[in-house]
Amino acid sequence: MPNKFNKTLLATTLAVSPFLAHGASFQLLEQSPAHLGKAFAGTGSDITDASTVYFNPAGMTKLDRISLTAGANLVATNAKFNDEGSSYAGGGDTTDELGFIPNGYAVLPLGDRLAVGFGVGAPFGLSSSFSDDWAGRYSATYSELQLVNVNATASWAITDVIAVGAGINYQTIEADLQSQVDSTLGIAPDPSTDSSAKISGDDDDFVLDLSVLITPSERTSIGVVWREGGEFKLDGTAEFHNNAACMPGAGYPTGAPPAPTTGTLCAGGLELLSGDIEAPVNMPDTLTVSFTQYVSDGWAFHADIAQTSWSSIQNVEVTNSGNGQQVDELDLQYDDTMRYALGTSIDTGAWTWRAGVALDETPQSNPEHVSPRIPDADRTWLSVGANWELSSHLSLDFGYAHLFIDDASLREESQTAVGPAVLAGSFDSSVDIFGAQLNWRF
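Reading guide: rules and limits
- Residues numbered from 1 in each chain as written.
- Predicted model: local features only at pLDDT ≥ 70, side-chain atom pairs only at ≥ 80, totals over all residues.
- Heavy atoms only, no water.
- Helix = DSSP H or I, 4+ residues; strand = E, 2+ residues; numbered from the N terminus.
- Rg over C-alpha atoms; globule rule 2.2 N^0.38 Å.
- Buried < 20%, exposed > 50% of the residue type's maximum accessible area, 1.4 Å probe, protein only.
- Contact = heavy atoms within 4.5 Å.
- Areas by Shrake-Rupley, 256 points an atom, 1.4 Å probe, with all protein chains shown as cover.
- 1 Å grid on protein atoms, 1.4 Å probe; cavity = no way out; pocket = protein on both sides within 12 Å on 5 of 7 lines; lining within 4 Å.
- Points joined across faces, edges and corners; volume = space filled by probe spheres on them.
- Nonpolar A, V, L, I, M, F, W, Y, C, P; charged D, E, K, R; others polar.
- Disulfide = S-S within 2.5 Å.
- Polar contact = N/O pair within 3.5 Å; in protein donor to acceptor, adjacent residues only side chain to side chain.
- Phe/Tyr/Trp six-rings, centres within 6.5 Å; stacked < 30°, edge-to-face > 60°.
- Lys NZ or Arg CZ within 6 Å of the ring centre and 35° of its normal.
- Expected span 1.5 Å × (residues − 1).
- Arc of directions from axis to C-beta.
- Pairing = 2+ DSSP bridges.
- Patch = residues over 30% accessible without salt bridge, like charges linked within 9 Å, V, L, I, M, F, W, Y side chains within 5 Å.
- Salt bridge = Lys/Arg side-chain N within 4 Å of Asp/Glu carboxyl O.
- Lys, Arg positive; Asp, Glu negative; His and termini not counted.
- Charge placed at Lys NZ, Arg CZ, Asp CG, Glu CD.

### Section: the overall build of the chain
For step 1, the next point in the chain: When helices and strands are counted, the chain shows three helices and 19 strands.
For step 2, the next point in the chain: Against the globule reference of 22 Å for 442 residues, the chain gives a C-alpha radius of gyration of 24 Å, in line with a compact fold.
For step 3, the next point in the chain: Overall, the chain is about 85 × 40 × 30 Å in size when its C-alpha atoms are taken along their principal axes.
For step 4, the next point in the chain: Taken across its 442 residues, the chain has 53% of its residues classed as buried.
For step 5, the next point in the chain: In the chain, of all internal contacts separated by at least 6 residues, the share reaching a separation of at least 24 is 72%.
For step 6, the next point in the chain: For the chain, the exposed surface amounts to about 17700 Å²; the carbon and sulfur share of it is 58%.

Listed below in structure tokens is the structure:
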């Protein structure tokens, strides 16, 4: 990926904000193990538990009792990098991460036509970890992004056919991004002489959601949900741990004396970049249309069509807020994406069985924009799940999904003291998701 850094040579090795270079991969759908079993088909039309607080607040009027739902998803990701002629030694590497995504919801009916609800979840997040000596260590070693959403919602059934909902969401975001720094500026890169970089930041925001549920008959439901993306300015710090090769007078000469050595330039460059930073990020809006149709008693088909407006992220700048130094500028040029899901559910009494399939687009497939932080490509979901009705007040949901991910090609270019360098290769990735939730009705 062409890096548009300032002339400060050291900045070319930091790649401080590529956590945004894999849009879809840090959007988390796993807000309901029940919907997981249908590959998240019918999220806004199949109203079965309190998770409708998140997926379609208008559906809360369909719950005639106080309802509580508490669930968790375990996400196992595997991404293997196959090196294809990178400039730096170290070869490929694999990131195997386990992510835990909890969520909880509560719905309180206020008469026949009004209801309020509360929920907590994590609609965005990522995690990856590579070794300190792999070929892409100057782009990424450790990445973590967490966005927590706390929402309060209300719904009103205008008629027996149409209900509307609205919510306000408080969101907090935190990022922790780490990489290695070539202390020799490209002259003799080696893990033993690398310095290290850590960029961290956080912010919060309030956002809205609006929803509609239309039930023209007992067998048919249609949901439409819009969720606003937060506008964040991450404030934090850039910290560096200098190797002995990144000290004044150390390293290699850059010319006849009194030309500074690479260690002198390294130490000066990192000192210039270290300190407080800020990075504005506009998260995408989402629009989802859901459909549920019962073809017989207990047997239903479900569908979702969702658009995520990733085009809100075009250019991301990371700036040292103390001296105004531009640390990084990434021209991401994201495209909006679509997600298509089909699923079915069959109620056999104490058990309801579910299955689904989905196609999920990536916002960027150009190898020059793919980031090793979280490699991403188009994905196909296959899901199964079940609900076990323990009593009229208590039930359990289980879900499992496997994601088949297309290979993601990567070609990231940078400039060093001795000329251009490239990180080139492809990622072979897969994801497995396991979810379970408990539902109470009082």
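### Describing the layout of surface pockets
For step 1, the next point in the chain: Here the second largest pocket defines a volume of roughly 830 Å³.
For step 2, the next point in the chain: Lining the second largest pocket are 34 residues, and of these Asp-46, Ile-47, Thr-48, Tyr-294 and Asp-347 sit closest to its centre.
For step 3, the next point in the chain: When contributions to the lining of the second largest pocket are tallied by element, the ones reaching two or more residues are strand S6 (195-217), strand S7 (220-227), strand S10 (286-296), strand S14 (337-347), strand S15 (351-360), strand S16 (379-389), strand S17 (394-405) and strand S19 (419-441).
For step 4, the next point in the chain: When grouped by side-chain class, the residues that make up the lining of the second largest pocket number six nonpolar, 15 polar and 13 charged.

### Notes on the state of the cysteines
For step 1, the next point in the chain: Going through the model one piece at a time under the given rule, you end up with one disulfide.
For step 2, the next point in the chain: Covalent S-S linkage joins Cys-246 and Cys-266, the inter-sulfur distance amounting to 1.9 Å. Its torsion about the S-S bond being -100°, the disulfide of Cys-246 and Cys-266 is classed as left-handed. Residue Cys-246 is located in the loop between strand S8 (231-241) and helix H3 (262-273), and its partner Cys-266 is located in helix H3; the two are separated by 20 residues in the primary sequence.
For step 3, the next point in the chain: Take Cys-266: its relative accessible area is 0%, and that puts it in the buried class.

### So, the environment of Tyr-400
For step 1, the next point in the chain: Position of Tyr-400 relative to the elements: it lies in strand S17.
For step 2, the next point in the chain: For Tyr-400, a relative accessible area of 28% corresponds to the partly exposed category.
For step 3, the next point in the chain: When the C-alpha positions of Tyr-400 and Leu-36 are compared, they lie 6.6 Å apart, and in sequence the two are 364 residues distant.
For step 4, the next point in the chain: With residues up to four places along the chain from it excluded, the contact list for Tyr-400 reads Leu-36, Leu-382, Ser-383, Val-384, Asp-432, Ile-433 and Phe-434.
For step 5, the next point in the chain: Separated by 2.6 Å, the side chains of Tyr-400 and Asp-432 make a polar contact.

### Some details on unusual backbone geometry
For step 1, the next point in the chain: Note that the residue after Pro-257, namely Pro-258, is joined by a cis bond; omega there is 15°.
For step 2, the next point in the chain: One non-glycine residue, Phe-40, adopts positive backbone phi at about 60°.
For step 3, the next point in the chain: As for its placement among the helices and strands, Phe-40 is situated in the loop between helix H1 (33-36) and helix H2 (52-55).

### Topic: the packing of aromatic side chains
The geometry of an aromatic ring pair is captured by the separation of the ring centres together with the interplanar angle, meaning the angle of the planes.
For step 1, the next point in the chain: Within the structure shown, the criterion is met by 15 aromatic pairs.
For step 2, the next point in the chain: Between Tyr-400 and Phe-434 the ring centres are 5.0 Å apart and the planes differ by 40°, which places this aromatic pair in the tilted class. Of this pair, Tyr-400 sits in strand S17 while Phe-434 sits in strand S19; the two residues are 34 residues apart in sequence, bridging distant segments of the chain.
For step 3, the next point in the chain: Within the aromatic cluster, the residues linked to one another by ring pairs are Phe-40, Tyr-54, Phe-55 and Trp-381.
For step 4, the next point in the chain: Directly above the aromatic system of Trp-381 lies the positively charged group of Arg-339, at a separation of 4.8 Å from the ring centroid.

### Here we look at H3
For step 1, the next point in the chain: Taking 1.5 Å per residue as the helical rise, H3 with its twelve residues ought to reach 16 Å, and the 16 Å between its terminal C-alpha atoms agrees with that figure.
For step 2, the next point in the chain: The complete set of buried residues in H3 reads Thr-262, Gly-263, Cys-266, Ala-267, Gly-269, Leu-270 and Leu-273. For H3, the arc enclosing every buried residue in end-on projection is 165°, short of the 170-degree limit, so these residues lie on one face.
For step 3, the next point in the chain: Just downstream of H3, Gly-275 is the residue with a positive phi angle, here 120°.

### Focus on the pairing of strand S1 (residues 67-83)
For step 1, the next point in the chain: Relative to strand S2 (residues 93-109), S1 is paired through 15 bridges, and the arrangement is antiparallel. Counterpart to Leu-68 in the pairing with S2 is Ala-106.
For step 2, the next point in the chain: As judged from the 17 bridges shared by S1 and S19, these two strands associate in the antiparallel manner. Paired with Ala-72 across the bridge in S19 is Ala-436.

### Section: the environment of Gln-364
For step 1, the next point in the chain: Position of Gln-364 relative to the elements: it lies in the loop between S15 and S16.
For step 2, the next point in the chain: Residue Gln-364 is classed as buried on the basis of its relative accessible area of 12%.
For step 3, the next point in the chain: Measuring from C-alpha to C-alpha, the distance between Gln-364 and Thr-308 comes to 13 Å, with 56 residues separating the pair along the chain.
For step 4, the next point in the chain: Residue contacts for Gln-364: discarding those within four places in its chain leaves Leu-332, Gln-333, Tyr-334, His-369 and Val-370.
For step 5, the next point in the chain: Polar side-chain contacts of Gln-364 include one of 3.0 Å to the backbone nitrogen of Asn-366.

### Observations concerning a negative patch on the surface
For step 1, the next point in the chain: Together, Glu-174, Asp-202, Asp-204, Asp-235 and Asp-276 line one region of the surface with negative charge.
For step 2, the next point in the chain: Positionally, Glu-174 belongs in strand S5 (residues 162-181).
For step 3, the next point in the chain: On the basis of relative accessibility, which here comes to 48%, the residue Glu-174 falls in the partly exposed class.

### A closer look at the pattern of salt bridges
For step 1, the next point in the chain: Tallied over the full model, the rule gives ten salt bridges.
For step 2, the next point in the chain: Residues participating in the shared-partner salt-bridge network are Arg-339, Asp-360 and Arg-379.

### Digging into the side chain of Arg-227
For step 1, the next point in the chain: Note on placement: Arg-227 falls in strand S7.
For step 2, the next point in the chain: We classify Arg-227 as buried; its relative accessible area is 11%.
For step 3, the next point in the chain: At 3.0 Å, the side chain of Arg-227 forms a polar contact with the backbone oxygen of Tyr-54.
For step 4, the next point in the chain: Engagement of the side chain of Arg-227 in a polar contact is seen with the side chain of Asn-169, the distance being 2.9 Å.
For step 5, the next point in the chain: Dropping the residues within four chain positions of it, Arg-227 is found in contact with Tyr-54, Asn-149, Asn-169, Leu-208, Asp-209, Asp-285 and Thr-286.

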